[in-house]
Amino acid sequence: MYLILIRLNFLFDAQDLLWLGTANGLSCFDGLHFINYSPADSVFSLLGTSVSSLARINDSVFVATPGGINKIISSSKKSIVYYRSLPGEKIITLFATRSHHLIGISEKGLCTDYTNGKKLQLSFQATEYFVTEDENNRLYISSFQRDYRDWE
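**Q** Explanation requested: the side chain of Asp134 in the structure shown.
**A** Here Asp134 lies in the loop between strand S13 (130–133) and strand S14 (139–142). Within the structure, the side chain of Asp134 is placed 2.9 Å from the backbone nitrogen of Asn136, a separation counted as a polar contact. Other than its neighbours up to four places away in sequence, Asp134 contacts Arg98 and Tyr140.

Take a look at the structure:
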């Protein structure tokens, strides 16, 4: 017996388009057609092929890949570079807060608010992080290994 683990990220944007991020790239589905994003395409490009996380703020979809973060405006579906990863940095989790901050967490546990540049080094590293927000806009970050609470 073989166990095959497929990592799939998906979300719906403000126009009810379905965005699918996988280890093989990003696709947008409008109910009839797919648009596939790749590093080689000039309009529908990505900084890498493997999508680790997706987040949405208003009319924008943010896509984390090994090369960094792309921002895609839903109405035009055009991709622009939002952030290029530093050498050795691999963003594996994106989270959009209710106050429209984009939070990224690297596999080395560096938590960055890309909206204001605030950084926090978590006391643990993980292969996947889970983020939620309470009614007071405090973030709670978890992994299979540990929890971190109350980053404002």
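**Q** Could you clarify how one ought to interpret the side chain of Glu89 in this entry?
**A** One can find Glu89 in the loop between strand S8 (79–84) and strand S9 (91–96). Despite its burial, Glu89 pairs with no opposite charge; the closest candidate is Lys119, at 5.7 Å N-O. Not counting chain neighbours up to four residues away, the residues in contact with Glu89 comprise Pro66, Tyr83, Ser106 and Tyr114.

**Q** I'm lost on the packing of aromatic side chains in this one. Help?
**A** Aromatic ring pairs: the centre-centre distance and the angle between the two ring planes describe each pair. As enumerated under the stated definition, the model contains six aromatic pairs in all. A ring pair is formed by Tyr83 and Tyr114, whose centres lie 4.8 Å apart and whose planes are at 50°; its orientation type is tilted. Taken together, the positions of Tyr83 in strand S8 and Tyr114 in the loop between strand S11 (110–113) and strand S12 (119–121) put the pair 31 residues apart, joining distant regions of the chain. For the pair formed by Tyr83 and Tyr114, the shared burial category is buried. Considering the side-chain rings of Phe124 and Tyr129, the 6.0 Å spacing of their centres and the 45° angle between planes classify their relative orientation as tilted. Tyr129 sits in the buried class, given a relative accessible area of 3%.

Parameters and conventions
- Residues numbered from 1 in each chain as written.
- Predicted model: local features only at pLDDT ≥ 70, side-chain atom pairs only at ≥ 80, totals over all residues.
- Heavy atoms only, no water.
- Helix = DSSP H or I, 4+ residues; strand = E, 2+ residues; numbered from the N terminus.
- Polar contact = N/O pair within 3.5 Å; in protein donor to acceptor, adjacent residues only side chain to side chain.
- Contact = heavy atoms within 4.5 Å.
- Buried < 20%, exposed > 50% of the residue type's maximum accessible area, 1.4 Å probe, protein only.
- Lys, Arg positive; Asp, Glu negative; His and termini not counted.
- Salt bridge = Lys/Arg side-chain N within 4 Å of Asp/Glu carboxyl O.
- Phe/Tyr/Trp six-rings, centres within 6.5 Å; stacked < 30°, edge-to-face > 60°.

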